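Residues per chain are reported as follows:
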Amino acid sequence: MHESYRHAFRRPEGERSLSAMAAELFEEGDAGAAPLEPAAELELVHVSQGLEAVAEVEDAVRAGRPFAVAFIDVRMPPGIDGKETAQRIRAIDPDVSLVIVTGFSDFAPAEIFRAAGPADKIFYIAKPFEAVEVVQTATALAHRWQLDRELAATRAALAEKVVQLEEQARELAANESKAAHIASHDPLTEAPNRLAFLRALSERVHVPGCFAVAMLDIDRFKTINDTFGHFAGDEVIRTVCNFLSEQIGEEGLVARLAGDEFGLMMSVSGEDEAVMRCERLLRACSGTLSIFGQSVQNTASIGLVVADADHERDSVDIMRRADLALNEAKRAGRNLVRVFDQSMDESVRFRRQIETGLGQAMANGELSLVYQPIFARGGLEVVAFEALLRWCSPEHGMISPGMFIPVAEESGLIHDLGDWVVEEALEAAKRWPGQFVSVNFSPRQFRRQNFVAQLVAQVQRAGVSPNQLQIEITETALAENAERAADTLYRLRQMGFRVAIDDFGTGYSSLYNIRTFALDTLKIDSSFVDGMGRERESAAIVHSIIHLGRALGLEVVAEGVENETQLQALRLAGCSQVQGYYLSPPLVADDAVRLAQGGSVLEPQTPCAPEAQVPGTGTTG
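Rules behind the numbers
- Residues numbered from 1 in each chain as written.
- Predicted model: local features only at pLDDT ≥ 70, side-chain atom pairs only at ≥ 80, totals over all residues.
- Heavy atoms only, no water.
- Helix = DSSP H or I, 4+ residues; strand = E, 2+ residues; numbered from the N terminus.
- Expected span 1.5 Å × (residues − 1).
- Buried < 20%, exposed > 50% of the residue type's maximum accessible area, 1.4 Å probe, protein only.
- Contact = heavy atoms within 4.5 Å.
- 1 Å grid on protein atoms, 1.4 Å probe; cavity = no way out; pocket = protein on both sides within 12 Å on 5 of 7 lines; lining within 4 Å.
- Points joined across faces, edges and corners; volume = space filled by probe spheres on them.
- Core = buried A, V, L, I, M, F, W, Y, C linked by side-chain atoms within 4.5 Å.
- Phe/Tyr/Trp six-rings, centres within 6.5 Å; stacked < 30°, edge-to-face > 60°.
- Lys NZ or Arg CZ within 6 Å of the ring centre and 35° of its normal.
- pLDDT = per-residue confidence, 0-100.
- Disulfide = S-S within 2.5 Å.
- Salt bridge = Lys/Arg side-chain N within 4 Å of Asp/Glu carboxyl O.

**Regarding helix 6 (residues 131–184)**
With 54 residues, helix 6 extends 78 Å between its outermost C-alpha atoms, agreeing within 8% with the 80 Å of an ideal straight helix rising 1.5 Å per residue. For helix 6, the full list of buried residues reads Val134, Val135, Thr137, Ala138, Thr139, Leu141, Ala142, Trp145, Ala183 and Ser184. If you follow the buried residues of helix 6, they end up packed against helix 1 (2–9), strand 1 (69–73), strand 2 (97–102), strand 3 (122–126) and helix 7 (194–204).

Printed below as a string of structure tokens:
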């Protein structure tokens, strides 16, 4: 029998392969047929008894060179029979294919399947056998064995990769959860922040039932900071937040809106209950607080709005009314609760007048642009101008953009107003030797369906290059729909426009989005520049934004530079561009041309009285 196996697998020198013979035989019948591949070279190991076979298989598995196929006779005296041999081999190596070679019917196939299965790894060859039958069986089973091993290795690698991906997914989910928490919570108190409060309020206005919204502000908090230091001030804020949370309970909401201001929302039966609960809150927050072993006298003021079915339930308007009531409480002497009433809302009438007058302001020549220079940090060369919108009403005098831009947004006039600003700014830019003009755009303008096409048409009409116009947009506008914003920014950059994020650091935007947005410039909000000399946090934020911009290859502009100390600090930090009253106030068009042609600031300026009173920048103020 062993000699028969040797003969079957022997390939005499000079013997033509089966594939060569087949090609020759079938050349005329099927010229396109592929030749048969020669049988794989197989290494044979011969043993005489079942126990020897079991030992060989065991040694091979231990050495890491397992057998692919075992041909087993049924009768192998002396010693164990084929069935026992197959069973033991299967226990040692589950992957080997077993071929039972027998001329007897000692065992039914089902018995051997049960003993040495599975069925797809056990086969039969009857004696006497043909050599080609043995060779083909061995070759096919060895090939399948190799494929199974490769498949198992691939599956193992894939399973390992799946484990890695699942671990990464868990890490990403944890980071995303952490980022969402940071985005919606105040880091000092861990209470919800303004964004979370506005979201909760927006949801609550759609739920039936009476509820109250209050704004609480710590009285004379600046004095506490100046007297006891900022660490003590922070501890006062944490203590007050804890008092409020205990009093409001889980059915309400306490949020830190900004600085020493808190927002409160609670379900009430009516105005009387709301006032009673707010007075209880004042008592809890007022009195002597022990802060770091020192006694701090603390009081607070509250503005209250009660929203019921008889009043308009608009979240933005509720916040505005609560803020008006809070201001009234402070004007009335502090440590008071003031409920909003319509007499506090004289601004509503004024807003209606603004909406009526704004539609005619452009036609009547009441609007104008001034241009604040943007300087390179090195030699303070003028690289650009930011267009700032002004409205001088014959009836009301100078009206702050912070007052009329929101009205324009709500009334839909913002598009006409924005188009006018761009046209005026481009006309001014045509007179400059090389500087570009930077124009702010409101979120509603940015969401305009034909936003990019409109800008392209305007620069073409003006006869200027798109790279002479920089679009400034806030983080908030980008975060509303990051995917759509990214597409709009990409198209703007493709057309040649410059893009800047205004007031960077005051909103919330994913760093992933910032990395993928097509941007040229980050503009550091003036509040951070103003706080650089007083607060480590502001200085750290400024330095972080500068380093982020440099790492992403972006220009970084610092707004609101008011003194030499700020200017030098920004220069040392590596801020690429600066602007502010210390360098130059906003200029009328002719003065901007003269400065543009001169190329650099001649003498740092001090804030000028009338212009310094007009806040805001660009189209949005």
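What follows picks up the thread again.
**Some details on empty space enclosed by the protein**
Regions of empty space are outlined by a rolling probe, equal in size to a water molecule, passed over the atoms. In this structure the tally under the stated criterion is two cavities of 30 Å³ or more. Together, Asp419, Val422, Phe441, Gln445, Arg448, Phe451, Gln454, Leu455 and Gln458 line the largest cavity. Sorting the residues of the lining of the largest cavity by element identifies helix 14 (414–429) and helix 16 (451–462) as the ones contributing at least two each. With four residues, helix 16 is the single largest residue contributor to the lining of the largest cavity. Counting residues per element, the ones that place at least two in the lining of the second largest cavity are helix 9 (230–248) and helix 10 (271–285).

**Considering the nonpolar core**
In terms of nonpolar packing, the biggest core is built from 79 residues, with Trp432, Leu469, Leu492 and Val578 touching the most fellow members. Of the residues forming this core, the biggest block, nine residues, is contributed by helix 14. Leu492 has contacts with Phe446, Phe451, Val452, Leu455, Ile471, Phe497 and Val499, leaving out every residue within four places of it along the chain. Counting 35 residues, the second-largest nonpolar core is a separate cluster that includes Cys210, Cys241, Val268 and Ile291.

**As for the packing of aromatic side chains**
Under the defined criterion, the tally for this structure stands at six aromatic pairs. A ring pair is formed by Phe446 and Phe451, whose centres lie 5.6 Å apart and whose planes are at 70°; its orientation type is edge-to-face. Following the ring pairs from residue to residue traces out a cluster consisting of Tyr371, Phe385 and Trp432. If you follow Arg498 out to its NZ or CZ, it ends over the ring of Phe436, 4.1 Å from the centre.

**Some thoughts on the confidence of the model for the chain**
Keep in mind that low pLDDT regions are not for reading the predicted coordinates in detail. Per-chain confidence: the chain averages 84 in pLDDT, with 88% of residues scoring 70 or above. The least confident element of the chain is helix 24 (residues 609–612), whose mean pLDDT is 39; the most confident is strand 14 (residues 436–440), at 96. With pLDDT under 50 throughout, residues 25–39 is counted as low confidence; its partners more than four residues away or in other chains account for 11 contacts. Low pLDDT, under 50, characterises residues 604–621; the predicted model gives this stretch 53 contacts beyond four residues in sequence or across chains.

**Topic: the state of the cysteines**
Put plainly, two cysteines are in a disulfide when a covalent bond ties their sulfur atoms together. Tallied over the entire structure, the rule returns zero disulfides. No disulfide involves Cys241; its nearest neighbouring cysteine sulfur is the one of Cys285, lying 9.5 Å away.

**Brief notes about the environment of Leu188**
Structurally, the position occupied by Leu188 is in the loop between helix 6 and helix 7. Separated by 46 residues in sequence, Leu188 and Asp234 have C-alpha atoms that sit 7.4 Å apart. Sequence-distant contacts of Leu188, defined by excluding residues within four places in its chain, comprise Asp234, Ile237, Arg238 and Arg256.

**Overview of the pattern of salt bridges**
Taken as a whole and assessed by the stated rule, the structure comprises 26 salt bridges. When the shortest N-O distance is used, the salt bridge between Lys330 and Asp217 registers 2.7 Å. Residue Lys330 is located in helix 11 (residues 315–331), and its partner Asp217 is located in strand 4 (residues 211–218); the two are separated by 113 residues in the primary sequence. Owing to a relative accessible area of 11%, Asp217 belongs among the buried residues under this scheme. One salt bridge connects Asp487 with Arg491, and the closest N-O pair in it is separated by 3.2 Å. Linking Asp487 with Arg491, this pair stays in helix 18 (residues 482–495), spanning four residues, or about one helical turn.

**Regarding the side chain of Ser97**
Assignment of secondary structure puts Ser97 in strand 2. Setting aside its immediate chain neighbours within four residues, Ser97 contacts Ala68, Val69, Ala70, Lys121, Phe123, Leu141 and Arg144.

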